[in-house]
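Structural features, examined
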Amino acid sequence: EIPPEIGNFRDLRFLNLRGNKLTTLPDSFGACVSVEYLDLSHNQFVQFPPPLCRLERMQFLNFSNCKLLGLHDAVNGLASLHTLRCERNSLMDVPSTVGKMPSLTYLDLRYNKIPELRSSFGEATNLTVLDCRHNNIIKVSPAVGTLTQLRLLGLAHNAISK
């Protein structure tokens, strides 16, 4: 368990909590306003911890290999986030607010259970990498075709039929 005093680290920029058994973060974690790099991979999170949505300076967030079922709708509050890694979870949906993240360039959603790339992905105009391999995708919105900055679009190993 992370103690509430973590909020005292207001100048902390890099935090690696990879490979623990964390399921939640204290609300005071949101006071770590200088965090730019956060690795929470290989933990036991089922829900996206709401305090993270207050870390406006965060640029890199790794949630790989947790047990996430969903992302928080307020994730678009992460205005500086350019890399979001959520591969190998149990995500069944991605909130439309992800498309409103102005700095997001790299989104890794491999090995989840996402059934569709909705039209809101078309709003993520700065994306250069959208990796959705190994999901349950049956439908890709035409709005994805408006992502002119894309350099990698990974859709292999899904259920797309036409």
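Residues numbered from 1 in each chain as written. Predicted model: local features only at pLDDT ≥ 70, side-chain atom pairs only at ≥ 80, totals over all residues. Heavy atoms only, no water.

1. Some remarks on the overall build of the protein
In terms of regular secondary structure, the protein is built from zero helices and nine strands. Counting from the amino terminus, helix and strand elements in the protein follow one another as β-β-β-β-β-β-β-β-β. By the compact-globule yardstick of 15 Å for 162 residues, the protein fits well, its C-alpha radius of gyration being 16 Å. Expressed along its principal axes, the backbone C-alpha trace of the protein runs to roughly 50 × 30 × 20 Å. Burial status across the protein gives 46% buried among its 162 residues. Long-range pairs, those at least 24 residues apart, make up 25% of the contacts in the protein with a sequence separation of at least 6. Total accessible area on the protein is roughly 8000 Å²; 50% of this is exposed by carbon and sulfur atoms. For the protein, the separation between the mean place of its 17 positive charges and that of its 14 negative charges on side chains is 7 Å. (Helix = DSSP H or I, 4+ residues; strand = E, 2+ residues; numbered from the N terminus. Rg over C-alpha atoms; globule rule 2.2 N^0.38 Å. Buried < 20%, exposed > 50% of the residue type's maximum accessible area, 1.4 Å probe, protein only. Contact = heavy atoms within 4.5 Å. Areas by Shrake-Rupley, 256 points an atom, 1.4 Å probe, with all protein chains shown as cover. Lys, Arg positive; Asp, Glu negative; His and termini not counted. Charge placed at Lys NZ, Arg CZ, Asp CG, Glu CD.)

2. Considering unusual backbone geometry
Within the chain, Arg88 stands out as a residue other than glycine whose phi angle is a positive 60°. Its identity as a non-glycine residue notwithstanding, His134 has a phi of 60°, on the positive side. Tracing the sequence through the fold places His134 in the loop between β7 (129-131) and β8 (139-140).

3. Points about the pattern of salt bridges
By the definition in use, this model includes 10 salt bridges. Across the pair Glu87 and Arg110 runs a salt bridge whose closest N-O atoms are separated by 3.6 Å. In this pair, Glu87 sits in the loop between β4 (83-85) and β5 (106-108) while Arg110 sits in the loop between β5 and β6 (116-117), placing the two residues 23 residues apart along the sequence. A salt bridge links Arg118 to Asp93, with the shortest nitrogen-to-oxygen separation between them at 3.4 Å. Residue Arg118 is found in the loop between β6 and β7, and its partner Asp93 is found in the loop between β4 and β5; the two are separated by 25 residues along the sequence. Residue class for Asp93 comes out partly exposed when judged on its relative accessible area of 37%. The structure contains a network of salt bridges with shared partners spanning Arg85, Glu87, Asp108, Arg110, Asp131 and Arg133. (Salt bridge = Lys/Arg side-chain N within 4 Å of Asp/Glu carboxyl O.)

4. Re the nonpolar core
Residues Leu52, Leu61 and Phe63 are the most contacted members of the largest nonpolar core, which totals 45 residues. If we ignore the near neighbours within four places in the chain, the residues touching Leu52 are Leu25, Phe29, Leu38, Leu40, Met58, Leu61, Phe63 and Leu78. (Core = buried A, V, L, I, M, F, W, Y, C linked by side-chain atoms within 4.5 Å.)

5. So, the environment of Gly99
Turning to its location among the elements, Gly99 is positioned in the loop between β4 and β5. Classification of Gly99 by relative accessible area gives buried; the value is 7%. Between the C-alpha atom of Gly99 and that of Asn16, which follows or precedes it by 83 residues, the distance is 26 Å. Residue contacts for Gly99: discarding those within four places in its chain leaves Ser120, Glu123 and Ala124.

6. Notes on the environment of Cys53
With respect to the helices and strands, the residue Cys53 is situated in the loop between β2 (37-39) and β3 (60-62). The class of Cys53 is buried, set by a relative accessible area of 11%. In this structure, the C-alpha to C-alpha distance between Cys53 and Asp27, residues 26 residues apart in sequence, is 11 Å. Ignoring sequence-local partners within four residues, the contact set of Cys53 consists of Phe48, His72, Ala74, Val75, Gly77 and Leu78.

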